[in-house]
Amino acid sequence: MPSENKCPAATLTTGEILHGFRVLRVEQLPDRRITAYEMEHEKTGAKVLHLHCDDRENLYAIGFRTPPGDSTGVPHILEHSVLAGSEKFPLKDVFNELLKGTLQTFINAFTYPDKTIYPVASQVHTDFFNLACVYTDLVLRPMLLKETFYQEGHHMEFTDPDDPQSDLVLSGIVYNEMKGAYSSSDRLMGKAIQENIFPGNIYAHDAGGDPEAIPQLTYEQFKAFHRTFYSPSNARIFLYGDIPAADHLAFLAGMLSGFEKIDVESSISSQKKRQKPVYVRGAYPLSKEETTERKTAVNCAWLLAENTDFETSLLLKITCGLLVGSSAGPLYKALIDSRLGEDLSPVTGLEDDFKQMVFTVGLRGTDADNAPLIEELIFETLRKIYESGFDSALIEGAIHQVEFHGKEITRGAMPYGIALMDAAYHTWLYDGDPLIGLNFSRVISLVRKKWEENPKIFQDMVKKWFLENQHRVISLLEPSKTYNEERDKAFKQKMGALKASLSTEELENIRKEADSLRRFQATPDAPEAAATLPRLNISDLPRTIDIIPTDKTIRNDIKILQHDIFTNGIAYLDIAFDVAHIPDDLQPYLPLLAKLMTGMGAAGLDYEAMAKRIALKAGGLSCHLTAGATTDGRHNWQKMIFQVESLYRNVEEAVKIVSDILAAGDLSHRERMYDLTAERKNDLHASVVPSGHVFAGRAAAAMLSLPAYRDEQWHGRTQLRFISRIAEESKADNRELREKLTDLRKMVFRRERLTLNMTADAEGLAILSEAAAMITGQLGGGEEKCAPEIPLLSPAYLGIAIPAQVSYVAKAFKAPSYADPLAASLFIAAKLLSNDYLYKHIRVQGGAYGGMCQYEPAGGILAFLSYRDPHIVRTLQVYNDAPNFLAGEMVKRENLEKAIIGTIGALDKPMDPATRGYVSMIRDFTGLDDGLRLNLRHRILDMTEKVLVEDMARFFTTAEKSSSVVVVYGEERRLREANAALETKLNVEPLA
Ligand SMILES: [Zn+2]
């Protein structure tokens, strides 16, 4: 992460030519400490953007415009397939080799509606160039074997592979991935809008692939798509990090040699504006036992300005933020207060991954009859806003958010460079200025100037782009209990008819091709092929650990942790309360308490005023729950953690907000309480199908350890059941709920249960320390203990019925924590199983989107998971055979080394400043000190085949017998079919 408050000195000048690249522009972005170079390769026309800064996590991304001509998913299937292998690197799956044998901190590929991007990142320079070299070769010169197309795209096979008389079915990784995606109501909502807002445009197609259309794609079309669009002349290469521009250019010159400039027709036309709104109706799958009442979503979407029209798109972004960006937004509020639906639709917001932006707003948890009322309400509210204007505090809050998020250095699952990459492509892809959105100081002064010139500017935007804009879609998405059944039936009929039309010879051909695909998948790469990939050695890995600066003190009996870290002027405060003493029956209320405390009013202000105050003074305010075991596995911790972040100048007010919430949070506004409860219920419900593997893993682990049990209680299906009941019960009368929460709050927000965790540089820490006294002064204290009851844990076999066309299969084992001698082996074994065994059997051969093994020492769990899986019984068999894979000669030195590199890479994953501070606090709760971390690292680095094999044999012998739990999330019909074949039957239950 950048650590100095200045831009690197420019090393190239505009007009200069270096290594065949012409420098078009050099510009500094002081707020981000970046020096930017825009360049072009003279010979091929490849465009290059380099953002030079002092972040050592360098990022390389090559992107192409890939406008789809249909919904066969050809850009997506190609995205998967190019990474399989190239002439220079003739392996069957290079991507997976890079994933496991390098120190990559990020390696992926993304299919967007109109572009495909291939990013890689690493903190080690040699590793970075190795990765970038292989990636570029794969993308520009892939093999694109027929087998790869069958495997990643689609192919036919028989349910009994050897018997052409058995049923004919379709398989393929993208095919199953998209079947999973098309089971999610959120995805179907977005699809309906996209198709109808862009009729006749490339965006009317699904670049990801519609499962109905994917089988129509031919191998020839697939290869032709690559020939057409994957040329340096159609490429935009994005670079970010501390490597100097000249080094990048020398590298790129080598990669692009041999290519000429060609004409690529990849321009994207704008959608012509319609003069009339369009009304559409669609359906999504719902479980049999659920009621269809109040399960419909109604959305209204408008086609807006071009991304490249910077001024208009900026003003539109602010306007949309004002309308629905917080609970103080007037359109947000009007929709919620109307009670026409339960909460805002999940697709609400501005979408800028198209050439022209789209804004959507709507309600879910409603009925079809309400659609005209919802539409009327939206327009009536917009008219009122146009007439009376926006509250200026709301506008100031929106401008403050631009400043805050411009300044903040964030790295969640993705490198910071990825966020900048996304922003650059939003304009660059359409031949606009790639830097325009990155310069937030300029953005802020432009907004202020426009607002000063015309105080009604945002009202005018509402009038022009929403009230008078007839190019809009009103979309209704209704639940259907027969959705999957109908599709299954139609599919079976289609395949049956197809089979009946084929001759014996043709059927035999299908069998042969499927058979040769299986043989191809089962044959290992030749050693010469594997040797083509650049490799790291164990000796290249540092034997030291990254130490997070931490200063521990106790002030007035409160534990305070401080981390002196450069944060670019932002202060982070974590306020953690121990909740281990809360009785088991009250634990499920904690997540709701967290949501209400941060979403209601406080200290005499209603929630709307509070939301404005937060937007104006804080970058964010949230509260979550988390639990873990100590390193010896003997104790555990359970915490409720508030997090607030703000610019240094706002720290005092931001901390005052939290202090007001803790001391005087409002629990009296019945409607608001119900709305937040319903929102939580709907969010959790909608996340089950897209994250089925997480839910299945949670439910399985819950029966094995207390931290995992809490996780399920707070975030899993148990919580979904709980919150659904509470939402129903508290609809009419919430007195009981209010009393419970009021009592609970008194039990949680206490001085003796508090830890404060602060992250900022010395200046920020001083400001934070002073402000934090406000919190401790307000809290109640004194002894109040109640004995925690430990819930009973027992192994089980469960099948949870969900409306999805694919399954999620989890098997969990109780596993020891960090300090146990087995920990190093468990870390490596989980990597090895994920990289090799599960990848091959669950994904490559099984056709599931993913299969993985996770070791979570703090949760005390080792788990196998599958994602968007067409199988259940077969997958469980693969899990059962896993111990055999880890026995004896199957564990080769080479694979072990890759697993060690991958394990170390995961432990060394870069973190943003806020996360470093947070992780240090979690380590403190766990008792994971730096000595233990160093020792564990050495044990991982020094692992031998012999120790690993012995350790894992020991682990699985006891684990399999004493503590294995299986949970499958899938369609009820499939669960029952699986039970017919399973020895130990799954106990089939409905989701909620
Ligand atoms: Zn995919």
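Relevant structure appears above.
We now turn to the structure provided with this report.

Thresholds applied
Residues numbered from 1 in each chain as written. Predicted model: local features only at pLDDT ≥ 70, side-chain atom pairs only at ≥ 80, totals over all residues. Heavy atoms only, no water. Helix = DSSP H or I, 4+ residues; strand = E, 2+ residues; numbered from the N terminus. Rg over C-alpha atoms; globule rule 2.2 N^0.38 Å. Buried < 20%, exposed > 50% of the residue type's maximum accessible area, 1.4 Å probe, protein only. Contact = heavy atoms within 4.5 Å. Lys, Arg positive; Asp, Glu negative; His and termini not counted. Charge placed at Lys NZ, Arg CZ, Asp CG, Glu CD. Donors = N, O, S within 2.8 Å, 3.2 Å for Na, K, Ca; no water. Pairing = 2+ DSSP bridges. Axes fitted to C-alpha atoms, helices over the stretch in contact; angles between N-to-C directions. Core = buried A, V, L, I, M, F, W, Y, C linked by side-chain atoms within 4.5 Å. Disulfide = S-S within 2.5 Å. Salt bridge = Lys/Arg side-chain N within 4 Å of Asp/Glu carboxyl O. Polar contact = N/O pair within 3.5 Å; in protein donor to acceptor, adjacent residues only side chain to side chain. Phe/Tyr/Trp six-rings, centres within 6.5 Å; stacked < 30°, edge-to-face > 60°. Parallel < 35°, antiparallel > 145°, perpendicular 65-115°, else oblique. Left-handed = near helix turned anticlockwise from the far one by under 90°. Nonpolar A, V, L, I, M, F, W, Y, C, P; charged D, E, K, R; others polar.

## Let's talk about the overall build of the chain
- Helix and strand content of the chain: 34 helices and 29 strands.
- Over its C-alpha atoms the chain spans a radius of gyration of 28 Å, differing by no more than 12% from the 30 Å that the globule rule assigns to 992 residues.
- If you line up the chain on its principal axes, its C-alpha atoms span 80 × 65 × 60 Å.
- When the 992 residues of the chain are sorted by exposure, 61% land in the buried category.
- Contacts in the chain between residues far apart in sequence, at least 24 positions, make up 81% of those at least 6 positions apart.
- The chain carries 112 positive and 136 negative side-chain charges, and their two centres are separated by 1 Å.

## Overview of the coordination of the zinc ion
- Each protein donor to the zinc ion is listed here as His 76 (NE2), His 80 (NE2), Glu 177 (OE) and Glu 177 (OE); together their distances run 2.1 to 2.7 Å.
- Of note, the zinc ion draws all its donor residues from one chain, in the sequence arrangement H-x3-H-x96-E. Taken together, the residues span a long stretch of sequence, with His 80 in helix H1 (residues 74-82) and Glu 177 in helix H5 (residues 173-181) at a distance of 97 residues.
- Owing to a relative accessible area of 11%, His 80 belongs among the buried residues under this scheme.

## A closer look at the sheet that holds strand S23 (residues 754-760)
- In spatial order, the strands read S18-S19-S23-S20-S22-S21; together these six strands make up an open sheet with mixed pairing. Strands with a single pairing partner mark the edges of an open sheet, and in this sheet they are strand S18 (551-555) and strand S21 (620-629). In this sheet, adjacent strand axes meet at a mean angle of 20° when their direction is disregarded.
- As paired strands, strand S20 (residues 570-578) and strand S22 (residues 636-647) are joined by nine bridges and run antiparallel to one another. Within S22, the position partnered with Asp 574 by the bridge is Gln 643.
- Where helix H12 (residues 392-407) meets the sheet, it contacts S20 and S22, and its direction lies at approximately 115° from that of S22.

## What about the side chain of His 41?
- With respect to the element layout, His 41 can be found in strand S3 (residues 34-41).
- Assessed through its relative accessible area of 6%, His 41 is described here as buried.
- Other than its neighbours up to four places away in sequence, His 41 contacts Gly 20, Phe 21, Ala 46 and Leu 256.

## A short note on the sheet that holds strand S26 (residues 850-856)
- In space, the six strands of this open sheet follow the order S26-S27-S25-S28-S24-S29, with mixed pairing throughout. The strands lining the two open edges of the sheet, one partner per strand, are S26 and strand S29 (987-990). Each adjacent strand pair in this sheet contributes to an overall mean axis angle of 15°, direction not counted.
- The pairing of S26 with strand S27 (residues 861-867) spans seven bridges and is classified as antiparallel. Of the residues in S27, the one forming a bridge with Gly 850 is Tyr 867.
- Docked against the sheet, helix H23 (residues 692-701) engages strand S25 (808-814), S26, S27 and strand S28 (965-970), running at close to 30° with respect to S25.

## Description of the pairing of S25
- Counting buried residues in S25 gives six out of seven residues, a clear majority hidden from the surface.
- Direction of pairing for S25 relative to S28: antiparallel, over a ladder of five bridges. When the bridges of S28 are listed, Val 809 appears paired with Val 968.
- Strand direction decides the pairing type here: S25 and S27, joined by five bridges, are antiparallel. Each residue of the ladder has a partner; that of Lys 811, found in S27, is Phe 864.

## Brief notes about the nonpolar core
- Counting residues in each nonpolar core, the largest one holds 87 residues, and the members touching the most others are Ile 575, Met 640, Phe 642, Phe 749, Val 967 and Tyr 969.
- The greatest single-element share of this core, amounting to seven residues, is contributed by helix H21 (residues 651-664).
- Non-local contacts of Val 967, meaning those with residues more than four positions away in its chain, are made with Ala 696, Ala 699, Ala 700, Met 703, Leu 798, Ile 800, Tyr 808, Val 809 and Ala 810.
- Phe 64, Met 189, Tyr 230 and Ala 235 belong to the second-largest nonpolar core, a separate cluster that totals 77 residues.

## Quick word on the state of the cysteines
- Going through the model one piece at a time under the given rule, you end up with zero disulfides.
- No disulfide involves Cys 320; its sulfur sits 12 Å from the nearest other cysteine sulfur, which is in Cys 300.

## Observations concerning the pattern of salt bridges
- Evaluated as defined, the whole model comprises 72 salt bridges.
- Among the salt bridges present, the one from Glu 396 reaches Arg 448, with a minimum N-O distance of 2.9 Å. Here the residue Glu 396 occupies a position in helix H12, and Arg 448 occupies one in helix H14 (residues 440-453), the gap between them amounting to 52 residues.
- Looking at Arg 448, the relative accessible area reads 31%, which means it is partly exposed.
- In this structure, a network of salt bridges that share partners links the residues Glu 97, Lys 100, Arg 535, Asp 836, Arg 893, Glu 894, Glu 897, Lys 898 and Glu 945.

## Side note on the side chain of Gln 123
- Relative to the helices and strands, Gln 123 is located in the loop between strand S8 (115-122) and helix H3 (125-140).
- Within the structure, Gln 123 has its side chain in polar contact with the side chain of Arg 56 (distance 3.5 Å).
- When sequence neighbours within four positions are dropped, the list of residues in contact with Gln 123 reads Arg 56, Glu 57, Thr 105, Asp 908 and Pro 910.

## Here we look at the packing of aromatic side chains
- Evaluated as defined, the whole model comprises 38 aromatic pairs.
- Between Trp 302 and Phe 466, the ring centres sit 4.9 Å apart and the planes meet at 80°, which makes this aromatic pair edge-to-face. Placement of the pair is Trp 302 in strand S13 (residues 296-306) and Phe 466 in helix H15 (residues 457-467), with a sequence separation of 164 residues.
- Using a relative accessible area of 0% as the deciding quantity, one classes Trp 302 as buried.
- Residues Phe 642 and Phe 749 carry aromatic rings whose centres are separated by 5.7 Å and whose planes lie at 70° to one another, so their mutual orientation is edge-to-face. One end of the pair, Phe 642, is in strand S22; the other, Phe 749, is in the loop between helix H26 (735-748) and S23, and 107 residues separate them in sequence.
- Residue class for Phe 749 comes out buried when judged on its relative accessible area of 5%.

## Section: the packing of H23 against helix H24 (residues 706-715)
- At their nearest, the axes of H23 and H24 sit 8 Å apart, and the two run at 135° to each other. The angle between the axes of H23 and H24 places the two elements in the oblique class. Crossing angle aside, the handedness with which H23 passes H24 is left-handed. Residues Phe 695, Arg 698, Ala 699 and Ala 701 of H23 lie in contact with H24, whose contacting residues are Ala 708, Asp 711, Glu 712 and His 715.
- Looking at the contact of H23 with H24 residue by residue, the class counts come to four nonpolar, one polar and three charged.

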